[in-house]
Amino acid sequence: MTGREDGRTTGADALWAAELLDHLRPTGRDVRRIVAWLADGVDGTAALQDDSGTLLAGTRIPVDEHLVADLVSGRIASAAWEGEGRHQRLVRVAQPHSAAAGVLAVCRDTPFDRRAADMVTHTAQVVELLLRAHETTAAGRRLARATADLRLAILQLLMVEDIVSARRVAAGLWPGLLDTDSACVYVVEGSVEERDRLAEECLAATDEQALVVRCPAMDRHVIVVAPDESAARELRSFIEDRPGTCIGGSARQSLARTATAYGQAVSALAVARFRPDNAAVYAERTHPERLLDPTLLHGWTNRLLRPLDTLAHHTHAELLATTRLGLEFTAVSAAKVLGVSRNTVRARMERVEGLLGTDFSDLTVRALVHLALNAQVGMGQGPAVPQAPPVALWELLSGPALRIWAQDVLGRLDTDTRDLRRTLRTWIAVGGNSERAAQVLGVHAQTVRDHVRSAEPVLERQLLATGSDLYEVVLAHLATGELELPRLTA
């Protein structure tokens, strides 16, 4: 080694020291690469093992167990050994959050000169720094995962209307977050690769005054429950500066209707994809339930859902929340959102089917039960509605306002020469099955799918994915008499 009295290194020493420092750069912090670099630099073999003897990096070297024990326990900091034509240097490497230590061992055929010895010593120090940095980074990741899991747990509690538990869980980390009776739900859609960063930016945009969750069902979606209107404004403003990102928002709903609000946000997102500003809010559109006589609607709803009134409160809320999500999305997606298995979702929905005497494979049945479930939630929020005598389904759907709305919605399809209206009507009648619809129409199944997909931007509704958009179009067909009314208990 060539040295100077002021302690600075020159020549070859400066070169290896610079190379070692390069391993501390953000792009080079890899313990295995450093150990390999050391072995090459001293023209020997190097190994890093933890206090239990597990090899962490390099190539295992036979070492004296007594020396290793003294190093691990802290009785000595370094050791040298030679024999059988081999020369070894062993250095203690402190481990984060551990009283014991690991060992960096280097072996070569020639004695260690000052340069090689210095390389071993300084490399051990760099390895210690990287191990501490890795532990800090890993701890940060664990904390981030735990925080994300906690946010998801809060969302799942809101989805099943367990507001008290959701507030209790949120109070520990985000005091005041759910100190409200209502909120808006937004679904932000970006790319899969950018979703983690998108979620962090949503948190920053809302100043952490909103519940931000990476959607467990859709890997491009971030769900945001925004109790405060200012947080919602910041979120919408933030999206304007992100090309390729869409946002759909719900109408303001009570926390007990979080599942409904989530469905509305997904529905609005489908519209946002066709908008130049890539944003839409569910309340911007007229929806069929608002066009029905409220007295008749509530009377019909109470009669249809009466068999569920015999259930215990907790079971009742659980079944209804699961059914709402199960009607909006697939069983797999609903299961991921709720944090249960898809078999559990299906079992709960089958129980509701049995109690109501319905068949959810029929799209008209799904649309009407979906209407009833949403109407039931709305009963507790609006002004009291007088009790009405039981009404038949045809009477409920025969109002002039609903019929005019339905004719306007479906009439948009008439300008297309492919007769999209006929294809869509047939596709709904066979339960949304493209193959069966193709057999009825005498065309290819892909033609059916293309027609349904072409109807989506015309109607500004998502049809190929089950949910509120599709059910509105089904109700329009029922209101105009283009589809037969199903048999229901009400």
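Heads up: these notes are all about the structure in this document. Given the structure is predicted, the values throughout are model-derived calculations rather than measurements. Here the residue numbering is sequential within each chain, running from 1 through the sequence in written order. With the structure being a predicted model, the display of local features is reserved for residues of pLDDT at least 70 and the display and counting of side-chain atom pairs for 80 or more, all residues being used for whole-chain, interface and lining totals. Heavy atoms throughout the structure, all of them, feed into the side-chain values; hydrogens and water do not.

## Regarding the overall build of the protein
Quick reminder of the rule: Helix and strand assignments follow DSSP, with helices taken as H or I runs no shorter than four residues and strands as E runs no shorter than two, numbered in order from the N terminus. Using a 1.4 Å probe on the protein chains alone, a residue whose accessible area is under 20% of its type maximum counts as buried, one over 50% counts as exposed, and one in between counts as partly exposed. Every residue pair with non-hydrogen atoms within 4.5 Å of one another is taken to be in contact.
From N to C terminus, the protein includes 19 helices and 11 strands. Viewed in the frame of its principal axes, the protein has a C-alpha envelope of about 100 × 50 × 40 Å. Counting the 490 residues in the protein, one finds 47% classified as buried. Pairs at least 24 apart in sequence give 62% of the contacts found in the protein among residues at least 6 apart.

## Re the nonpolar core
Applicable threshold: The term nonpolar core refers to a set of buried residues drawn from Ala, Val, Leu, Ile, Met, Phe, Trp, Tyr and Cys, joined through side-chain atoms within 4.5 Å.
Ranked by size, the top nonpolar core spans 98 residues in total, and within it Tyr262, Trp300, Leu325, Leu368 and Leu424 carry the most contacts. The contact partners of Leu368, leaving out residues within four places of it in the chain, are Trp300, Leu304, Leu393, Leu397, Leu475, Leu478, Pro486 and Leu488. By size, the runner-up hydrophobic cluster in this structure holds 25 residues, among which are Val106, Phe112, Ala116 and Val126.

## Topic: the environment of Pro243
Here Pro243 is to be found in the loop between helix H7 (229–239) and strand E9 (246–249). With relative accessibility at 80%, the residue Pro243 sits in the exposed group. Sequence separation between Pro243 and Val68 is 175 residues; the distance between their C-alpha atoms is 58 Å.

## Quick word on the packing of aromatic side chains
We apply this condition: Aromatic pairing here means that ring centres of Phe, Tyr or Trp (its six-membered ring) are within 6.5 Å. Orientation follows from the plane angle: under 30 degrees is stacked, over 60 is edge-to-face, and everything else is tilted. Here, over-ring charges are defined by two tests on the NZ atom of lysine or the CZ atom of arginine: distance to the ring centre within 6 Å, and angle to the ring normal within 35 degrees.
Taken as a whole, this structure holds 1 aromatic pair when the rule is applied. With a centroid separation of 5.0 Å and 40° between ring planes, the pair formed by Tyr262 and Phe329 is classed as tilted. Taken together, the residues span a long stretch of sequence, with Tyr262 in helix H8 (residues 258–272) and Phe329 in the loop between helix H10 (313–328) and helix H11 (331–338) at a distance of 67 residues. Here the two residues Tyr262 and Phe329 agree in accessibility, since each one is buried. Across the ring face of Phe112, the terminal group of Arg108 is positioned such that the distance to the ring centre comes to 5.2 Å.

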